[in-house]
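Here are the chains, one letter per residue:
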Amino acid sequence: MSHKRIPKRKAALAAGSVAALGAAALLLPNANASQTNSDDATPKTFKATDVADVASQLASQLGDAFAGSYYDGSKQQLIINVVGDNSNVVNQIEKAGAVANEVQNSTSTLQAAAKTLKTDATIPGTAWAVDPKTNKIQVTADSTVTGAKWNKLTSTVDSLGSGVAAVKKSAGTFKTFVSGGDAIFAQANGGGVRCSLGFNVTASDGSPAFLTAGHCGVAAAQWSDSQDGQPIATVDQATFPGAGDFSLVKYDDPNTQAPSEVNVGNGQTVQITQAAEATVGQQVLRMGSTTGLHDGSVTGLDATVNFQSETDPNGVDTVTGLIQTDVCAEAGDSGGSLFTQDGSAIGLTSGGSGDCTTGGETFFQPVTTALAAVGATLGAGDAGAGAGAGAGAGDDGAADPSAGASDPAGAGDQAGGADDQAGGAADPSGAADDQSGTGVDDGSGLVTTTP
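Fair warning: this is a prediction, and the values are worked out from it, not measured in the lab. Per chain, residues are indexed from 1 in the order of the written sequence. At least 70 in pLDDT is required for a residue's local features to be given in this predicted model, at least 80 for side-chain atom pairs to be given and counted, and no such filter applies to totals for whole chains, interfaces and linings, which use all residues. Computation of side-chain values covers all heavy atoms of the structure but excludes hydrogens and water.

As for the pattern of salt bridges
Working step 1: By definition here, a salt bridge exists when the distance from a side-chain nitrogen of Lys or Arg to a carboxyl oxygen of Asp or Glu is within 4 Å. Applying the stated criterion across every chain yields a total of four salt bridges.
Working step 2: Of the charged contacts, one joins Lys168 and Glu361 as a salt bridge, the two residues approaching to 3.4 Å between their closest N and O atoms.
Working step 3: Judged by its relative accessible area of 11%, Glu361 falls in the buried class.
Working step 4: A salt bridge links Lys250 to Asp205; the shortest N-O distance between them is 2.9 Å. Within this pair, whereas Lys250 is found in strand β14 (residues 246-251), its partner Asp205 is found in the loop between β10 (199-202) and β11 (208-212), the two being separated by 45 residues in sequence.
Working step 5: With relative accessibility at 52%, the residue Asp205 sits in the exposed group.
Working step 6: Ionic contacts of the salt-bridge type, sharing partners, join the residues Asp205, Asp236 and Lys250 into one network. Think of it in three bands: with a 1.4 Å probe and only protein chains considered, a residue is buried below 20% of the maximum accessible area for its type, exposed above 50%, and partly exposed in between. The helix count covers DSSP runs of H or I at least four residues long, the strand count covers runs of E at least two residues long, and both are numbered beginning at the N terminus.

Okay, here's the thing in structure tokens:
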């Protein structure tokens, strides 16, 4: 992400990083198949960013028979899950150019199961999201979920019935990834906080602003473009925990220019042209100031993540409505840009487990939901972007945003600062790869810097 007062940084991709090189390769031009079809019974080919709209329309038409959807990237096809063998339903799906897939669990069954998990298994270090590819709720437990907690989680999953949910262990620990695209800095609780500038936007009053993670916005009110520099932007709204993880931060200078691009390093940029809903199976790119450019795919939608509370050792910071992916991230990448190679803004980095050496699960705040909540438009505000309509819903929203660029020289980060918007002060501790070498690894997920 860049703006008039922040010089563009030519941040190199991490040397020897296979994932980063793979992500860079995705930026090369390629031919995306168009939505054409010579026979109603023959599946169409779709771009990943186009399928959410079609899936939303089919969800409305099919009613209770609709049981989710996902994108088959290898064939560029939209797969629609249906409950029951109904020829009329199949005909409607095929007429839209999609592929019908008969499954066991209805949407209402999976929703009821998710409510049971929320009631009986809201345990720090757990997360769950519907995986339409398996037609199950995929439950993940990090390395802290052991003993009685693990027994409680698995017994709850078993109580949901056969084939409704599956649980797996993650080697890492779920944490927010404070620090991120272009690095932004704040001072709080006697230490430095680093996050990522996600996407430039225009606030509802016409002023220039940007989106970043909510846990960054509740950690500190004012943000700078350099570690020890003067503040250039002030938090206007922040949500964390609860129904999302996003902040709107307004530039202090109303004349700030905010271009619509993601700086992906090595002098390359990707122009952002719209906000779009994520689709399971979709290939995505993530940019962050700690780890640079990495790629992966969307694995779940409407995910619930139960972070260990930063204010109560026995509490939980639950965040809902997130996108789940297999893209790696580390502390310092929070707030950074999740986008597609064709220029769609998808999400803001929230948190997860693992790192960019071993991999892991990472969660993102949907951009469309954040834009609707704060009343902003992407980039210079040439067009609007609304919230998605839930699983399978699409929004080809606003044009002209901007996203974060890598700055590997940034300092470490922490989650310090009083949280007067989400209840509580953040815990200035953590661990991650801080490329400036100033981070202090204390193992709890956020990086502190020397004052």
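Additional details are given in the paragraphs that follow.
Notes on the environment of Ala220
Working step 1: Positionally, Ala220 belongs in the loop between α6 (214-217) and β12 (222-223).
Working step 2: Sequence separation of Ala220 and Gln187 is 33 residues, and the distance between their C-alpha atoms is 7.1 Å.

Some thoughts on the UniProt feature "active site" (unreviewed entry) in the protein chain
Working step 1: UniProt positions are given in the numbering used here, feature names are shortened, and annotations may be inferred rather than shown by experiment. UniProt feature "active site" (unreviewed entry): in the numbering of this structure it lies at His215, Asp245 and Ser334. These annotated residues cover 120 residues of sequence, and their C-alpha atoms all fall within 10.0 Å of one another, placing them together at a single site.
Working step 2: Mapped onto the elements of the fold, His215 is located in helix α6.
Working step 3: Secondary-structure assignment places Asp245 in the loop between β13 (233-239) and β14.
Working step 4: Of the residues examined, Asp245 reaches a relative accessible area of 0% and is grouped as buried.
Working step 5: Every residue in contact with Asp245, bar those within four places of it in the chain, is listed here: Thr212, Ala213, Gly214, His215, Thr239, Phe240, Val319, Ser350 and Gln365.
Working step 6: Two N or O atoms count as a polar contact when they lie within 3.5 Å, although within protein this holds only if one can serve as hydrogen donor and the other as acceptor, and sequence-adjacent residues are included solely when both atoms are side-chain atoms. Within the local environment of Asp245, its side chain forms a polar contact with the side chain of His215, the two groups lying 2.8 Å apart. Here, residues are in contact when the closest pair of their heavy atoms is within 4.5 Å.

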